[in-house]
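# Breakdown of the fold
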Protein chains: 2
Amino acid sequence: MDCSEYFPIWDKLTPVQQNKIRGSAIRRSVKKGAVIHSGSTDCTGLLLIRSGHLRAYILSEDGREISIYRLFELDICLLSASCMMQNIQFDITIEAEKDSELWIIPPENYKELMEESAPLANYTNQIMASRFSEVMWLIEQIMWRSFDKRLAAFLLEESMIEETGRLRITHEKIGNHLGSAREVVTRMLHYFQKEGIVKLTRGSIEILDTKRLQELAHT
Amino acid sequence: MDCSEYFPIWDKLTPVQQNKIRGSAIRRSVKKGAVIHSGSTDCTGLLLIRSGHLRAYILSEDGREISIYRLFELDICLLSASCMMQNIQFDITIEAEKDSELWIIPPENYKELMEESAPLANYTNQIMASRFSEVMWLIEQIMWRSFDKRLAAFLLEESMIEETGRLRITHEKIGNHLGSAREVVTRMLHYFQKEGIVKLTRGSIEILDTKRLQELAHT
């Protein structure tokens, strides 16, 4: 486990502190679709992503979803250890979007270290600030950006993550990411198809005109 | 300046650190309507609210607003010192909603202390976590709550803050808080009036049926 890849402040920890992190980390493999952390009842711990791809989202009372952020290799998920921060008063769910390999650091160990190490506390602060920034970006999107642009940006992002122009994703799943009903996604995708931007087939969305999508996404 | 009121971890700072905070704090009075901090060009510093009432909001490119949180006596505003946290990548504006008295701690002084004191770094973390939680709550409101309920909750909140059942606030200002167009606010207020919940007069909104508002706000 090369901790300095996750913690740029690794050198500022004492050997004892370094061993505490390394010694407490638990290795875990999760399958695509697995829910790793669920709401406030769970306090899974800090997740360090070794490989794969996770999604953090919130759920409404009646089961609607919206993605809050996505996590990739070398990212750290802090909110899965929210029990160690008393002022975090919201529940997120974390799910594997691909088969993933993780390190999990138990929250009590991490909290103890954060309390004695200013560098670690400040670095944790930075991780939180990053997530906070992503959520602020999301608010701007929801408030001020029309759905066609958000969908265009999402298709481009997916295509980049999956490294393909032919996306195997259901309309419902896209709706869950963007916080919209499946019908709204389907309607807009049909509009994109009529405009020659995508081609829809059973279970897949083929991007035909990347340039138009980019124009939509960036205006 | 009684710093322990703002910093519950005051006793865990050394006398030198305590003096650094106390010695660098600048006292400032601001008038209602004054903009204290504006976007990323500013790095005002940490704001400690002595009295009054501030509002933090974000602005769209075409000038639309939505309130992110409000600050009252003894609150600390961290995001007005966002330059000291490299991962905060969004711009907020902070405006006085009432005449207010503040202490301002320059960002460079605070950052220096945060880097050497784990208790201060962790406390700063807690402040950020609180604001983060408020923003997550806001997303849930925007995504999953109908406008009548949000407006009802806002009227009750205003009435509590102002300690009156007769609110002197324009429809436009309400729209700015909630991220909605003035017309949408006016339409809903007229509906509330028709239902006997409020009475509208030039420049004011009188709450007639608090119970109905509460029912709306809490469902």
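The structure under discussion appears in the preceding block.
What this report covers is the structure whose coordinates are included nearby. All values derive from a computational prediction rather than experimental measurement. (Residues numbered from 1 in each chain as written. Chains lettered and ligands numbered in written order. Predicted model: local features only at pLDDT ≥ 70, side-chain atom pairs only at ≥ 80, totals over all residues. Heavy atoms only, no water.)

## A closer look at the packing of helix α3 (residues 107-116) of chain B against helix α4 (residues 118-144) of chain B
Between two packed helices, what matters for the description is the angle formed by their axes and the separation of those axes. Residue and element names in this part refer to chain B. For clarity, the threshold we go by: Inter-axis angles, ranging from 0 to 180 degrees, are taken between N-to-C directions of lines fitted to C-alpha atoms, where helices are fitted over the stretch in contact. Think of it this way: any DSSP run of H or I at least four residues long counts as a helix, any run of E at least two long counts as a strand, and we number them from the N terminus. Our angle categories are set so that under 35 degrees counts as roughly parallel, over 145 as roughly antiparallel, 65 to 115 as roughly perpendicular, and the remainder as oblique. Each crossing gets its handedness from the near helix: less than a right angle anticlockwise from the far helix is left-handed, clockwise is right-handed. We call two residues in contact whenever any of their non-hydrogen atoms come within 4.5 Å of each other.
In the contact formed by α3 and α4, the axes pass within 5 Å of each other and the chain directions differ by 115 degrees. Classified by the interaxial angle, the pair formed by α3 and α4 is roughly perpendicular. Crossing hand, α3 versus α4: left-handed. In this structure, α3 uses Tyr110, Leu113, Met114 and Glu116 to contact α4, whose residues at the interface are Ala118, Leu120, Ala121 and Thr124.

## Regarding the sheet that holds strand β4 (residues 53-59) of chain B
All names here are of chain B. Quick note on the threshold: Strands are treated as partners if at least two bridges between them are detected by DSSP.
The strand order across the open sheet built from four strands is β2-β7-β4-β5, with neighbouring strands paired in antiparallel fashion. With partners counted over all chains shown, the strands left at the sheet margins are β2 (35-38) and β5 (65-72), one partner each. Direction aside, the axes of adjacent strands within the sheet are offset by 20 degrees on average. Relative to β5, β4 is paired through seven bridges, and the arrangement is antiparallel.

## Quick word on the relation of the copies chain B and chain A
Selection rule: Here the copies were fitted onto each other by least squares, based on C-alpha atoms from residues at pLDDT of at least 70 in both.
Superposition record for chain B on chain A: RMSD 0.0 Å, screw rotation 180 degrees, translation along axis 0.0 Å. On the angle and the small slide along the axis, the relation comes out as a two-fold axis. When each C-alpha of chain B is compared by its distance to the rotation axis, Ala118 of chain B comes out closest, at 1.9 Å. The residues that chain B uses at the interface reappear at the interface of chain A in 100% of cases, marking a shared surface.

Read these as geometric descriptors, not functional statements.
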